[in-house]
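Residue-level structural notes
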Amino acid sequence: MPADRREIVTGQATSAPVTDSMSYQVATDLRALRAFVCAGASARGLAPQRMELLALAVSELATNTLQHTTGGGQVRLWTEAGHLVCDVIDQGPTRALGRAMPAAEAVRGRGLAIVEQVCDEVAVFGAPEGTVVRIRLEL
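Here the residue numbering is sequential within each chain, running from 1 through the sequence in written order. Local features in a predicted model are, by the rule used here, given only for residues with pLDDT of at least 70; side-chain atom pairs are given and counted only at 80 or more, and totals for whole chains, interfaces and linings are based on all residues. Heavy atoms throughout the structure, all of them, feed into the side-chain values; hydrogens and water do not.

Re the pairing of strand E3 (residues 73–80)
As paired elements, strand E2 (residues 20–24) and E3 share five bridges and run antiparallel to each other. Residue pairing for E3: Ser21 is matched across the bridge by Arg76. Pairing between E3 and strand E4 (residues 83–90): seven bridges, direction antiparallel. The partner of Glu80 across the bridge, within E4, is His83. We call two strands paired when DSSP finds no fewer than two bridges between them. Every helix listed is a DSSP run of H or I at least four residues long, and every strand listed is a run of E at least two residues long, numbered separately from the N terminus. If you look at the hairpin formed by E3 and E4, you'll find two residues sitting between the two strands, and Ala81 has a positive phi there, around 50°.

Here it is as structure tokens:
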């Protein structure tokens, strides 16, 4: 993903036209969460190979939520201007983008780097409901 398409914004309110939403609380929710985003993406016309990338990105973000925050999180999904847009919201701190992929021997730290590699756009911002990681994939 080109560096100029990454964005970190703080204090920005979300005005997303929410059409589908799912909450998750525990690791056993991740399978249902992946199924939810794939079904929503398919209904909106995302190509099957792109759905796999979406499922990977959402799974990485949701896993980070469950490992590093409390209270679980929420995923929102909609289309906008030729893109599938997905918000992953939690109560954690704003995350820094532009991370390099950790060394092969590193045990952790690949989640956000993977998300940045597989999505067309990634943004992070604070909103009244929590920290939002917004990913976009071109339809």
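Looking at the environment of Ala55
Here Ala55 shows up in helix H2 (residues 48–68). Through-space distance from the C-alpha of Ala55 to that of Arg34 is 5.3 Å; in sequence the pair is 21 residues apart. Only heavy atoms enter the contact rule, under which two residues are in contact if any of them lie within 4.5 Å. Ala55 has contacts with Arg34, Val37 and Cys38, leaving out every residue within four places of it along the chain.

Quick look at unusual backbone geometry
Even without being glycine, Ala81 reaches a positive phi, approximately 50°. You can see Ala81 is positioned in the loop between E3 and E4. Relative accessible area serves as the criterion here: at 74%, Ala81 is assigned to the exposed category. Between buried and exposed lies partly exposed: a residue is buried under 20% and exposed over 50% of the maximum accessible area for its type, with that area taken using a 1.4 Å probe on protein chains only.

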